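Architecture and fold: a report
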Amino acid sequence: MSQLIEMESKLDGYDVIDDDDIQKYATIVLGATTKRLTARDAAKADMLVRRAKKRLQNMYQGNVVIQGEFRMACSGFVRLYEFLSLASSFGDPEMEKKYSYVRDLLEILDTGGHGGVSVKDKINFEQFTQREVGDTGTKDRAHPSDPMVQLAGVSTKHKMLTKIYDR
């Protein structure tokens, strides 16, 4: 947890992220009563996050190194928060708000902010298949009902892991 607080302080040191924007963003995104935001609320939240990107560009105009360091600090904060949240619950709503804001800011920084679309939450991998390069999918497969042919030894390892897990 102390590392996360250090990373948060590092982010704050750039003076790019405004606490008022985080609070407004959290009210819109985390305070939504429905699962999906309305288009209007999503636009408001996006505008609040884009303010930080504009601040970054204005404050460090032409200094690609500092902009890159800020992006890496955002990435480190988000990754560490996600990792630590798997192990425990922080019980810190302010940290949760900042995490959500920085995660969305990072998406904007990664897409270049030119209307890039993130599809990470929209892709359904139920029909995903792995093919060899040049395979058009027209060949008959050894297991037509299962497009993912198991690799040799996988079922043995799976059985061993299942036995260990069942204990």
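This section reports on the structure supplied with the text.

Parameters and conventions
Residues numbered from 1 in each chain as written. Predicted model: local features only at pLDDT ≥ 70, side-chain atom pairs only at ≥ 80, totals over all residues. Heavy atoms only, no water. Helix = DSSP H or I, 4+ residues; strand = E, 2+ residues; numbered from the N terminus. Expected span 1.5 Å × (residues − 1). Buried < 20%, exposed > 50% of the residue type's maximum accessible area, 1.4 Å probe, protein only. Arc of directions from axis to C-beta. Salt bridge = Lys/Arg side-chain N within 4 Å of Asp/Glu carboxyl O. Axes fitted to C-alpha atoms, helices over the stretch in contact; angles between N-to-C directions. Parallel < 35°, antiparallel > 145°, perpendicular 65-115°, else oblique. Left-handed = near helix turned anticlockwise from the far one by under 90°. Contact = heavy atoms within 4.5 Å. Nonpolar A, V, L, I, M, F, W, Y, C, P; charged D, E, K, R; others polar. Core = buried A, V, L, I, M, F, W, Y, C linked by side-chain atoms within 4.5 Å.

Comments concerning helix α1 (residues 2-13)
Relative to the 16 Å expected for twelve residues at 1.5 Å per residue, α1 spans 16 Å between its end C-alpha atoms, a close match to the ideal helical length. When α1 is considered as a whole, its buried residues turn out to be Leu4, Glu8 and Leu11. For α1, the angular spread of buried residues about the axis comes to 60°, placing them on one side. Along α1, the residues that are exposed and aim more than 90 degrees away from the buried face are Ser2, Gln3, Glu6 and Gly13.

Quick notes on the pattern of salt bridges
Per the stated rule, a full pass over the model turns up seven salt bridges. Among the ionic pairs, Lys98 bridges to Glu8, the shortest N-O distance being 3.5 Å. In this pair, Lys98 is assigned in helix α5 (residues 93-111) and Glu8 in helix α1, connecting sequence segments 90 residues apart. Across the pair, exposure class does not vary: Lys98 and Glu8 are buried alike. Across the salt bridge formed by Asp12 and Lys98, the nearest N and O atoms sit 2.6 Å from each other. Taken together, the positions of Asp12 in helix α1 and Lys98 in helix α5 put the pair 86 residues apart, joining distant regions of the chain. For Lys98, a relative accessible area of 4% puts it in the buried group. One connected set of salt bridges, linked through shared partners, spans Glu8, Asp12 and Lys98.

Quick notes on the packing of helix α2 (residues 19-29) against helix α3 (residues 39-59)
The interhelical angle for the contact between α2 and α3, taken along N-to-C directions, is 155°, at an axis separation of 9 Å. The angle between α2 and α3 falls in the class roughly antiparallel. Between α2 and α3 lies a crossing of left-handed hand. Contacts between α2 and α3 pair Asp21, Lys24, Tyr25, Ile28 and Val29 from the former with Asp41, Lys44, Ala45, Leu48, Val49, Arg51 and Arg55 from the latter. Taken together, the residues of the contact of α2 with α3 sort by class into six nonpolar, no polar and six charged.

A short note on the environment of Tyr101
Looking at where Tyr101 falls in the secondary structure, it is placed in helix α5. Separated by 78 residues in the primary sequence, Tyr101 and Gln23 have C-alpha atoms spaced 9.3 Å apart. With sequence-adjacent residues up to four places away left out, Tyr101 is seen in contact with Ile17, Asp21, Ile22, Tyr25, Leu48, Val49 and Ala52.

So, unusual backbone geometry
With a phi close to 60°, Asp15 is a non-glycine residue in the positive phi region. Since its relative accessible area comes to 53%, Asp15 is described here as exposed.

Quick notes on the nonpolar core
In terms of nonpolar packing, the biggest core is built from 31 residues, with Leu4, Phe70, Phe77 and Leu105 touching the most fellow members. Taken together, the elements giving at least two residues each to this core come down to α1, α2, α3, α4 (64-87) and α5. Excluding its chain neighbours within four sequence positions, the residues that come into contact with Leu105 are Ile17, Val49, Ala52, Lys53, Phe70 and Cys74.

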